[in-house]
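Spelled out, the chains give:
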Amino acid sequence: MPVLTSSAPGKIILSGEHAVVYGHPAIAFPVPQVRVQAFIAARPTAPQEEIQVISDLVHLNSPLASLKPHHPIRLAVEIVKQELRLEHLPAFELRITSTIPVGSGLGSSAATAVAVVRAVSGFLGAILPDQTISDLAFRVEKQIHGSPSGIDNTVTAFNHPVYFVRGEPILALKVPVPLAFVIGDTGISSSTRAVVDDVRRMRDENPTRVDAILQKIGALTREMRAAMETGRLEQLGALINANHNLLAELEVSSPQLERLVAAARAAGAQGAKLSGSGRGGNMIAYCLPQDIQKVEHALLQAGAAHTIRFTYQPEDAGHAD
Ligand code: PMV
């Protein structure tokens, strides 16, 4: 039986997390080494609407209709049904596999929403543009995260580095040169929603101080965009380090993140910072290619639960499937 497959990469935020929630820009890259895949097979003999969902990641093997109405997979399927104005769905089996760790800032929930939306719409005969896929996935994300900026669904749907400003059309970042990174996972999962809420509370209590930090992060992100687009990479490490220090001032770092960031810098990374909402999850180190192995080793020695090396190659960007 033919099976329709779609896939969506993980993501990493290189600059601008938290500030992006308040309208400042952020830069994110897809991480193709980790991804969600969705497979759909028709069930020609089953009655309409009999949709079976199988996901090894969350040990799920259940009819869609038995999932809670706000279950992200159920929401993603329902949103496609609404978008295509269908009264009924044919029967199918939806299988989801993922290599993206959950709750670690690598965009697992957005990649799941994008992969499911793309697979289900494709199965129903609609080849939707990346922007529509991203918008539909954002509707799922809003149900899960409250008030996300939309950066995760954007970068994973477009599979391209993005310069993202909330509510504005996506700007595909043109990075003409390869960039080498190592991601270090603290192994501690943290709730994006809780950390974003804490920053909001801190800003309510001290708007002048917190807005000044957020503005500085925005300015760094604009500088980073210019440095990357023009290939002036010698500034990149210092911008990444400064960004980390500002995030620490927002109190979203943690002892584990500090340890990994310090270890990466000591091992020769050009710059290192926490990535994503913080308090756990991942950090990212930007390295010269010859230093990658040393930095990865240092991160593991310093207690990283996992590392991911990845080299961004300009020619790989933008190919969604
Ligand atoms: O932890 P992550 O990767 O989901 O990143 C969240 C990024 C924030 O800026 C903190 C929140 C958001 O919605 O953009």
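Our structure is the block above this text.
I will try to describe carefully the structure that is included in this document. Predicted model only: the values in this text are computed from it and were never measured.

1. Notes on the packing of helix 3 (residues 130-145) against helix 4 (residues 151-158)
Across the interface, helix 3 lies against helix 4 with an axial gap of 9 Å and an inter-helix angle of 145°. Here helix 3 runs over helix 4; the crossing is right-handed. Residues Asp130, Gln131, Ile133, Ser134, Ala137, Phe138 and Glu141 of helix 3 touch helix 4, and the partners they reach there are Asp152, Asn153, Thr154, Ala157 and Phe158. Of the residues belonging to the contact of helix 3 with helix 4, the class tally is 5 nonpolar, 4 polar and 3 charged.

2. Concerning the packing of aromatic side chains
Within this structure, the stated rule accounts for 5 aromatic pairs. Here the aromatic rings of Phe181 and Tyr286 are separated by 5.9 Å at their centres, their planes lie at 55°, and the arrangement is tilted. Residue Phe181 is located in strand 8 (residues 179-185), and its partner Tyr286 is located in strand 10 (residues 282-287); the two are separated by 105 residues in the primary sequence. For Phe181, a relative accessible area of 0% translates into the label buried. On the basis of relative accessible area, Tyr286 is assigned to the buried category, the value being 4%. Among the aromatic side chains, those forming a connected cluster through ring pairs are Phe29, Phe181, Tyr286, Phe310 and Tyr312. The ring of Phe39 carries Arg95 above its face, with NZ or CZ at 4.6 Å from the centroid.

3. Quick look at the side chain of Thr154
Note that Thr154 resides in helix 4. With residues up to four places along the chain from it excluded, the contact list for Thr154 reads Ser134, Val162, Phe164 and Ile170.

Calculation rules
- Per chain, the residues get numbers from 1 upward, laid out in the order the sequence is written.
- Note on the predicted model: pLDDT of at least 70 is required for a residue's local features to be given, and 80 or more for side-chain atom pairs to be given and counted; whole-chain, interface and lining totals, by contrast, use all residues.
- Note that water and hydrogens are dropped before the side-chain values are worked out from all heavy atoms of the structure.
- Orientation is described by lines fitted to C-alpha atoms, with helices fitted over the stretch in contact, and by angles between N-to-C directions that extend from 0 to 180 degrees.
- Helix numbers and strand numbers start at the N terminus; a helix is a DSSP run of H or I with at least 4 residues, a strand a run of E with at least 2.
- Should the near helix be turned anticlockwise from the far one by less than a right angle, the crossing is left-handed, and should it be turned clockwise, the crossing is right-handed.
- What makes two residues a contact is simply this: any of their non-hydrogen atoms within 4.5 Å.
- The classification used treats Ala, Val, Leu, Ile, Met, Phe, Trp, Tyr, Cys and Pro as nonpolar, Asp, Glu, Lys and Arg as charged, and all other residues, Gly among them, as polar.
- Think of it this way: a Phe, Tyr or Trp ring, Trp meaning its six-membered ring, pairs with another when their centres are within 6.5 Å, and the plane angle makes it stacked under 30 degrees, edge-to-face over 60, tilted otherwise.
- Classification of residues uses two cut-offs on accessible area relative to the type maximum, computed with a 1.4 Å probe and protein chains only: under 20% is buried, over 50% is exposed, and between them is partly exposed.
- Only when the NZ atom of a Lys or the CZ atom of an Arg is both within 6 Å of the ring centre and within 35 degrees of the ring normal do we say a charge sits over the ring.

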